[in-house]
Amino acid sequence: MHCGILAVSNIVVCVLSIYIYSKFTLEEMKLLGKEWISNNSNESMLTMHWCFGQQSKICHFQSLCYYPFEDQFVYKIDSSAINEVKSSFHSLSFSSVNELDVFSFVPVFLHQNSTRLNIRWIHGNVILFKRFKPDNLMHVLHDDVLPLYHTIKLLGHEDLKLLFMDDHSQEPYDSLYKIFADVKYKPSGKKQEFLCFKSAFIGVSSVSKWYQYGYHGNVQGPVSNEELTAFYLQTAANSIASKFKCAKNSDNQHMSVKEYLVLISRTETRKILNEEELISQLELITKMKILVISDNDLSEIVCTVMMSRGIIGMHGASLILGLFLKPGSILMELFPYAINPDNYTPYHTLADIPGMSVIYRSWRNMKKEHSLAHPEYSPEGGGIKHLSEEIQAEIMDQIEVPLHSCCSDPSFLFHINQDTIVDVEKVSEITLDALTESQQKDKTDRKSVSFMELSVVKQLHCSCIDNKLSLSWERPWNIDFVNDDVIHYKIGIQSRMLKTYKVYVVNGYSYTLEDEIDCFDTYDIWINADTNGIQGVVKYIEC
């Protein structure tokens, strides 16, 4: 743990008695809330901080200030310690997308005795955070909500507040952030009016991060995260679903539909032009109902996906809903013409995270004549009319989009936003194949879905009489919590005299060995329970 600034000898505590002449506007009070604010400026103004973590650094600040008029954080310090403090902020970011400098924490430093500060104190424990792309569900969940969830759990505070320090206004997906914290928005302020935080945190956990978007000349792709397993994603997803009351609503939702797949329908760009035909063919082949979602209420969408057998849709942000799929579900991703699925893999990577147990499949349109391009769109939406005729022709003739960095490659934007006539028979065939695999996997997973590793056997005893070695034990304490009727016990016995090692598998709670047993010998004995092929904790005894 790093302490940003140590106590300095002979510190003169400067008592600030400046008259607070300015008032927050009504709008600003609404933004922060009266319970957050006090205007007592006669308090210690020495900023301190403590940091931990390397790849995902998190720092706790006391008396950190913010100057809204200049959109700048202020660190009150003894000038002798500035270099040490600056170095401790390396890689500290307001976002999990910490490769972007725009999210870096770069304060200005003022001497601790600086005066002429109008101060408003912000009380409580506050996370200072910047949203990445709050209008995009993929980025909201992957880059913001999941990291914040694990940061809040890591910090362990029950009363954490979340203050957005970005320039975005209220967005449609802000309800996801509000599930976990009291959310407020970036305040404005007058000249020489400072907000100072009693207790603030900057930095978020990256334990749930699995993808990067190709900045600084790189191409997009999975991140190296050896810590990541489905546990970190499913705990957050289940918490969201619980807040949305999915379990309670599942009894009433789609009561007449036993099993169904979800088709994500796009209504503006990247449309499936023969959507009705696709739905009919999928229902015919899979014998399942196809439920279509587009602009439904987010809580309804999440609950619908959770209860489904899988989702199907064009490459896009909504496929992040695969996060809420049950193990054994399928995720079928469709790609427009000239878009190589191997180069855009956030959802394939999600499905392959250890423990997710989601069956991933993709389909790619290989027929240009089955695409409807939109060169007339805005450049941000894939339009190319602003480019020279030569470059337009080159893009329109492409068979595959070349590898590129984020985020405004005209070739990628043009091709990704095409509408598509999908091959309904091929898509249905691939979907059926995925469902078949999921059913086979489900049979296997059912054996271990309630799996719990068995503890050590209790009261292990051994005795040797007349060259017969007798063992007895009691079952592990947690065996009652394992839904498996077949529990085996594996016994390993090594003779120190003969240097032999033998293994026996038994079903009861005792066993007697007679073969090559010599009571003058010494035996090392190991025993553990076994269920579903999973070894329990080993118990050792010398006999």
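All figures in this text were calculated on a predicted structure; none of them were measured in a lab.

To continue, consider the side chain of Asn125. As for its position among the elements, Asn125 is in strand β8 (residues 118–129). We classify Asn125 as buried; its relative accessible area is 13%. Within the structure, the side chain of Asn125 is placed 3.4 Å from the side chain of His157, a separation counted as a polar contact. When near neighbours in sequence (up to four residues on either side) are disregarded, Asn125 contacts His157, Asp159, Leu160, Lys161, Ser199 and Phe201.

Our focus in this paragraph is the nonpolar core. Counting residues in each nonpolar core, the largest one holds 78 residues, and the members touching the most others are Leu176, Leu321 and Phe324. Counting residues per element, this core draws most heavily on helix α3 (residues 137–155), at ten residues. If we ignore the near neighbours within four places in the chain, the residues touching Leu321 are Leu137, Ile264, Ile293, Ile301, Val302, Val305 and Ile311. Judged by nonpolar contacts, the second largest core, of 24 residues, contains Leu64, Phe105, Phe109 and Ala200.

Which parts of space are left empty comes out when a probe the size of a water molecule is rolled across the atoms. Tallied over the entire structure, the rule returns three cavities of 30 Å³ or more. There is about 100 Å³ of room inside the largest cavity. Surrounding the largest cavity, 13 residues form its lining, Ile493, Thr500, Lys502, Ile517 and Tyr523 being those nearest its centre. Looking at the lining of the largest cavity, the elements that each hand over two or more residues are β23 (488–495) and β24 (501–506). For the lining of the largest cavity, the class distribution of residues is seven nonpolar, three polar and three charged. In this structure, the second largest cavity occupies an estimated 50 Å³ of space. Every residue lining the second largest cavity is listed: Gln55, Ser56, Lys57, Ser91, Ser93, Ser95, Ser96, Asn98, Gly203, Val204 and Ser206. Classifying every residue of the lining of the second largest cavity by side-chain character gives one nonpolar, nine polar and one charged.

Once that is clear, we can look at the pattern of salt bridges. Side chains that differ in sign of charge can pair as their charged atoms come close. For the structure on display, the rule yields 18 salt bridges. The partner of Asp419 in a salt bridge is Lys271, with the nearest N and O atoms 3.4 Å apart. With Asp419 in strand β20 (residues 419–420) and Lys271 in the loop between β14 (260–264) and α7 (275–286), this residue pair connects regions lying 148 residues apart in the sequence. On the basis of relative accessible area, Lys271 is assigned to the partly exposed category, the value being 23%. The salt bridge partner of Lys368 is Asp397, with a shortest N-O separation of 4.0 Å. With Lys368 in the loop between β18 (359–364) and β19 (371–372) and Asp397 in the loop between α10 (389–396) and α11 (410–416), the pair connects residues that are 29 residues apart, well separated along the chain. The exposure class of Lys368 is partly exposed, given its relative accessible area of 40%. Each of Asp71, Asp167 and Lys186 takes part in a single network of salt bridges with overlapping partners.

Another aspect to go through is α7. End to end, α7 covers 16 Å across twelve residues, agreeing with the expected 16 Å (1.5 Å per residue, within 8%). For α7, the set of buried residues is Glu275, Leu278, Ile279, Gln281, Leu282 and Thr286. At the exit of α7 stands Lys287, carrying a positive phi of roughly 60°.

A few words now on a nonpolar patch on the surface. On the surface, Leu273, Leu372 and Ile421 cluster together into a nonpolar patch covering about 230 Å² of accessible area. Along the chain, Leu273 turns up in the loop between β14 and α7. In this structure Leu273 comes out as partly exposed when scored by relative accessible area, which is 42%.

In this section: the state of the cysteines. Under the criterion given, the structure shown has six disulfides. With its sulfur 2.2 Å from that of its partner, Cys246 forms a disulfide with Cys303. Classification of the bridge connecting Cys246 and Cys303 rests on its S-S torsion, roughly -85°, and on that basis the disulfide is left-handed. Taken together, the positions of Cys246 in helix α6 (residues 246–249) and Cys303 in helix α8 (residues 298–306) put the pair 57 residues apart, joining distant regions of the chain.

This part is about the sheet that holds strand β22 (residues 468–474). As a general point, the strands of a sheet are linked pairwise by backbone hydrogen bonds and lie either parallel or antiparallel. On the basis of which strands lie adjacent, the open sheet formed by three strands has the order β21-β22-β25 and antiparallel pairing. If you trace the sheet from one side to the other, it starts and ends with β21 (458–465) and β25 (510–513), each paired once. The average undirected angle you get between the axes of adjacent strands in this sheet is 10°.

Quantified by volume, the largest pocket comes out at close to 1,500 Å³. Residue assignment for the lining of the largest pocket shows that the elements contributing at least two residues are α3, α8, α9 (346–352) and α11. When grouped by side-chain class, the residues that make up the lining of the largest pocket number 21 nonpolar, 16 polar and seven charged. Taken as a whole, the second largest pocket encloses approximately 410 Å³ of empty space. What lines the second largest pocket is a set of 19 residues, among which Gln55, Ser56, Ser206, Ser224 and Asn225 lie closest to the centre.

Residue Cys406 is joined to Cys407 through a cis peptide bond whose omega torsion reads 15°. Looking at the secondary structure, you find Cys407 in the loop between α10 and α11. Phi is positive for Ser91, close to 75°, though the residue is something other than glycine. Take Ser91: it is sitting in the loop between α2 (82–88) and β7 (108–111). According to the relative accessible area criterion, Ser91 is partly exposed, its value standing at 36%. At Gln192, a position not held by glycine, the phi torsion is positive, near 65°. Residue position: Gln192 is located in the loop between β10 (182–184) and β11 (193–202).

This paragraph deals with the pairing of β18. Note: strand β17 (residues 330–335) against β18, six bridges, orientation parallel. Note on β18: the bridge partner recorded for Met332 is Arg361. Traced from β17 through α9 to β18, the parallel crossover comes out right-handed.

Right, let's get into the side chain of Ser495. By the secondary structure assignment, Ser495 is in strand β23. The exposure class of Ser495 is buried, given its relative accessible area of 4%. Once you skip the residues sitting within four places of it in the chain, Ser495 turns out to touch Thr500, Asp521, Thr522 and Tyr523.

Cut-offs used in this document
Numbering of residues begins from 1 in every chain and follows the order in which that chain's sequence is written. Owing to the predicted nature of the model, reporting of local features is limited to residues with pLDDT of at least 70; listing and counting of side-chain atom pairs is limited to 80 or more, with chain, interface and lining totals taken over all residues. In computing side-chain properties, one takes all heavy atoms of the structure into account and sets aside hydrogens as well as water. For the purposes of this entry, the term helix denotes a DSSP run of H or I that reaches at least four residues, the term strand denotes a run of E that reaches at least two, and both are numbered from the N terminus. Partly exposed describes any residue whose relative accessible area lies between the buried limit of under 20% and the exposed limit of over 50%, with all areas from a 1.4 Å probe on protein chains only and scaled to the type maximum. Any pair of nitrogen or oxygen atoms within 3.5 Å is treated as a polar contact; in protein, a donor-acceptor pairing is required on top of that, and neighbouring residues in sequence qualify only through side-chain atoms on both sides. Any pair of residues with heavy atoms lying within 4.5 Å of one another is described as a contacting pair. As used here, the term nonpolar core means buried Ala, Val, Leu, Ile, Met, Phe, Trp, Tyr and Cys residues forming a set that is joined through side-chain atoms within 4.5 Å. Site definitions follow a grid-based scheme: protein atoms alone, a 1 Å grid, a 1.4 Å probe that fits but cannot get out for cavities, and for pockets an open set with protein on both sides within 12 Å along at least five of seven lines, plus lining residues having an atom within 4 Å of a point. Grid points are joined across faces, edges and corners, and a volume is the space filled by probe spheres set on the points. In this classification, Asp, Glu, Lys and Arg are treated as charged, Ala, Val, Leu, Ile, Met, Phe, Trp, Tyr, Cys and Pro as nonpolar, and every other residue, Gly included, as polar. By definition, a salt bridge exists where a carboxyl oxygen of Asp or Glu is found within 4 Å of a side-chain nitrogen of Lys or Arg. Helix span is expected to be 1.5 Å times the residue number reduced by one. Patch membership needs two things, relative accessible area over 30% and no salt bridge, and members are linked within 9 Å if like-charged or within 5 Å if nonpolar (Val, Leu, Ile, Met, Phe, Trp, Tyr). Note on areas: Shrake-Rupley with a 1.4 Å probe; residue coverage comes only from the protein chains shown. Our working definition of a disulfide is a cysteine sulfur pair at a distance within 2.5 Å. Strands qualify as paired when DSSP identifies two bridges or more between them. Each axis is a line fitted through C-alpha atoms, taken for helices only over the stretch in contact, and angles between the N-to-C directions span 0 to 180 degrees. Think of it like this: strands point away, you trace from the first strand over the helix to the second, and a clockwise trace means the crossover is right-handed.

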